[in-house]
Every structure is written in C-alpha cells, then in structure tokens.
Amino acid sequence: MIKLALLLSLSLLSISSVSCWAGGGDFVNNGGGLAEKNILYAYEKMDTYIQLCLKAESCKLNATQRALLEKIYQALPQEKQEQQIFFGSERKTPGFFIIEGNVRVAKTGDKVGSPIQVNADLLYSKNETGSYDPVTIPEAVAILIHELGHHHGEHSHEELDLIGVRVSLLLQQKIISTPLVPWAPSEISASVLNSDLLNSFPEVLLNVGEDVMDVSRIYAKEVHCEVLSLPIPIFPVPDLELMTRIPAGSLFHNVHWEKIKDKGTYIEVRITGNVSNNCKYKNNIGIRNNNYQLSISFKVNKVSDRWVLDPASIALLQFTDPWWKVLRIPSSP
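Residues numbered from 1 in each chain as written. Predicted model: local features only at pLDDT ≥ 70, side-chain atom pairs only at ≥ 80, totals over all residues. Heavy atoms only, no water.

Q: I'm lost on the sheet that holds strand E12 (residues 203–208) in this one. Help?
A: Each strand in a sheet pairs with its neighbour through backbone hydrogen bonds, running either in the same direction (parallel) or in the opposite one (antiparallel). Sheet architecture is open: 4 strands sit in the order E10-E11-E12-E13, paired in antiparallel fashion. Looking at which strands have only one partner, the edges of the open sheet turn out to be strand E10 (175–179) and strand E13 (211–214). On average, each strand axis in the sheet is inclined to that of its neighbour by 15°, with strand direction left out of account. Inspection of the sheet shows strand E11 (residues 188–193) paired to E12 by 6 bridges, in the antiparallel sense. Within the sheet, the bridge partner assigned to Ile 188 lies in E12 and is Val 208. (Pairing = 2+ DSSP bridges. Helix = DSSP H or I, 4+ residues; strand = E, 2+ residues; numbered from the N terminus. Axes fitted to C-alpha atoms, helices over the stretch in contact; angles between N-to-C directions.)

Q: Whenever I open this one, the packing of helix H4 (residues 63–79) against helix H5 (residues 137–149) confuses me. Can you help?
A: Between H4 and H5, the shortest axis-to-axis distance is 10 Å and the interhelical angle comes to 85°. In terms of orientation, H4 and H5 fall into the roughly perpendicular class. Counted together, Leu 68, Leu 69, Ile 72, Leu 76 and Glu 79 of H4 and Ile 145, Leu 148 and Gly 149 of H5 form the full contact between these two elements. Along the lines of polarity and charge, the residues of the contact of H4 with H5 split into 6 nonpolar, 1 polar and 1 charged. (Parallel < 35°, antiparallel > 145°, perpendicular 65-115°, else oblique. Contact = heavy atoms within 4.5 Å. Nonpolar A, V, L, I, M, F, W, Y, C, P; charged D, E, K, R; others polar.)

Q: What is the right way to read the state of the cysteines from this model?
A: Two cysteines, two sulfur atoms, one covalent bond between them: this is a disulfide. For the coordinates displayed, the defined rule picks out 2 disulfides. A disulfide bridge connects Cys 53 with Cys 59, and the sulfur atoms are separated by 1.8 Å. Looking down the S-S bond of the Cys 53 and Cys 59 bridge, the torsion is -95°, so its handedness is left-handed. One disulfide in the model links Cys 225 with Cys 279; its S-S distance is 2.1 Å. Since a negative S-S torsion denotes a left-handed disulfide, the Cys 225-Cys 279 link at about -95° is left-handed. Taken together, the residues Cys 225 in strand E14 (residues 225–230) and Cys 279 in strand E18 (residues 266–280) connect sequence positions 54 residues apart. Here Cys 225 matches Cys 279 in class, with each residue buried. (Disulfide = S-S within 2.5 Å. Buried < 20%, exposed > 50% of the residue type's maximum accessible area, 1.4 Å probe, protein only.)

Q: Sorry, what's going on with the packing of helix H3 (residues 46–55) against H5 here?
A: A packed helix pair is summarised by two numbers, namely the angle formed by the two axes and the spacing between the axes. Where H3 contacts H5, the two axes come as close as 11 Å, and the packing angle between them is 90°. The pairing of H3 with H5 is recorded here as roughly perpendicular in orientation. Contacts between H3 and H5 involve Met 46, Tyr 49 and Ile 50 from the former and Ile 137, Val 141, Leu 144, Ile 145 and Leu 148 from the latter. When its residues are assigned to classes, the contact of H3 with H5 shows 8 nonpolar, no polar and no charged.

Q: So what exactly am I meant to see when it comes to the environment of Lys 60 here?
A: Counting through the fold element by element, Lys 60 comes out in the loop between H3 and H4. What Lys 60 contacts, discounting residues up to four positions off in sequence, is Gln 65 and Arg 166.

Q: Would you mind showing me how to read the packing of aromatic side chains here?
A: Ring pairs (aromatic) are described by centroid distance and by the angle formed between their planes. By the definition in use, this model includes 3 aromatic pairs. Between Phe 96 and Phe 97 the ring centres are 4.9 Å apart and the planes differ by 85°, which places this aromatic pair in the edge-to-face class. Side by side, Phe 96 and Phe 97 carry an identical accessibility label, which is buried. Between Tyr 219 and Phe 252, the aromatic rings sit 5.4 Å apart at their centres with planes inclined by 45°, giving tilted as the arrangement. Here the residue Tyr 219 occupies a position in helix H7 (residues 216–222), and Phe 252 occupies one in strand E17 (residues 249–262), the gap between them amounting to 33 residues. An identical accessibility class is assigned to Tyr 219 and Phe 252; each is buried. Over the face of the ring belonging to Tyr 266 we find Lys 299, whose NZ or CZ atom lies 4.7 Å from the ring centre. Cation over ring: Lys 302 sits above Trp 307, and NZ or CZ is 4.9 Å from the ring centre. (Phe/Tyr/Trp six-rings, centres within 6.5 Å; stacked < 30°, edge-to-face > 60°. Lys NZ or Arg CZ within 6 Å of the ring centre and 35° of its normal.)

Worth remembering: the numbers are spatial, not functional.
This is the structure we're talking about:
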C-alpha cells in the first residue's frame, strides 16, 4: 500500500493542451522492462479488471464513483482505437513530467483517446536488498484508471486516486503471486488471477526477468472434466482418460513451486496447484470437481547476467494423485 500510495501521489494530472504531447516518449514496442510490460498488460486487460470491481460489493464504490468507473469501462473500445500508451523519461527530457512543480508518473489529455504518457523513471523502486522492484499489475491498473478518468470531465486527483486504489486492492485480493525462492522475487515468479468462481478460467502469468508470458489459453485448453477413464495405479503415470468434457469454468489455487533443477546454464522448474473445475453433465448441474492438480513446467536460461524464459519448454498437465496409486516412480535428480 505504501508503494502504491507513493506512486499515486507522484502521478496523475490531466493536461488539456494538445501541444504538450510533442516528443519525450518511446513507442511501446521498443522493448522495455517488466514494469513497462505490466503497464501494457494491465491496459490490455482493463475491461476485465474494471468489471471485477463493478460486479463486487467488496469494491466499495459509492454511486458517483461507480458511475465514473462505468463511463471509463464503456469508453475502452474508443480509447483503444489508436496507439495510446507511450513511455518517456523525465531524466532524458527534463521538465516533460513536471507539473505544478512535481514530477509525475503519468499524464494525459482530457479527451477519450488522448495519449497516456508514462514516466518510466518512476516505475521501479529500490528494495531492501538494493535491487529494483517493478510496478505490479494491480499498481499499473490504479495508475491507468486515474489517467482514463481524466477523459471524462473534471474530477479531483483524490477522487480518481480512490477509484484506482479500490480496483487495485480488489485485484490484489484475487491475485495469487508465487515468487521463486531462493532466487530474487522480481526475477522469476508466477501470478494467477481467479476472476469468477463458476464461469471463467484464470489468468496465469509467468514472470521471468523482463519477460511476461501469458499461459492462460494453454491452461483453458488443458483442464477438463473426467467422464470415463481407466485407472493406472502407478504415479506419476496418468490415468487413461477415454472421455473428457470441457468445464464451464475453473479455479487454480494453492499454487506453489515444487521442483527446481539447477543445470548450471539453465534451471528447470515446476509449479503445481490445485484445480477446481465446474463440470456440467447431462442434467446440466454444475459440480465442483476438486480431484485434480495441474503442473506448469518450463526452463529458464541464464543469458549473461539475467534469466530468460524458454517459451518452447512450457508444458501444462492436469493430473490426479489419489491415495490408491500405491506404486510410485521417483523422478530423476
């Protein structure tokens, strides 16, 4: 919360003059670190995150705040018609992000579709180990909601800050984050967002160095409901599934790092969590199936002094580990 409040207090001022957009920014496809990618990912998923808040009483919006957030949500298609997010640097362009004597983390215009300039200098904060932590996705959501709010009339920074924080806090409650230990948390981690208990699939992100890999679609294709299977009493040999069905929704929870194999120039890791599928059968009644687990395996290469994810190595597997699998084959060291 301290980091989020600091970012918000540094940011977020509406600029109505068109001339203020001359120079000072990098096109979003010109690389960038993890914080920049979190900003872009939050922007792409903004409709999902705003809907979470609009549907949840726990988001604690009053009528005025809800009406403004609804306007922001409804305008998102128009906002995204043109390239909108740009990254700049106050260090490289002195004065560009200084407004009323303060350096801001972002600024925008007062019209729907106005560009949003983000000050990359303020997207990383030094932690107690001396390394730098990037802005997280929930923090990025708070920043962007504030800026998008300036496109819908005159609103105080305090009001927009509060709406952004409300959405961000709700998002933080729903996101499971699992940093890899003993490596630095900002280097390798996994994040899971379960947005709906019955009718959606989770967002699953792998964060490695400056890379963000979204494996949500792979997850949605891998999870399934058992209809007919032939049990195999040997673990980890999976049961022979003769017939399966796509679930109406799924949850991925109790996520933890299970295996870490250090190969010198690269490491092999595996994340495992519990899967809870909403399975619908002939009577069309949803049955929560909690019998499965799911593993995510991938390889991380050491390139110079940083870790790089190998996308081709990513593998997801839904499996069961029942008590009656009495014969167990140990995995290789």
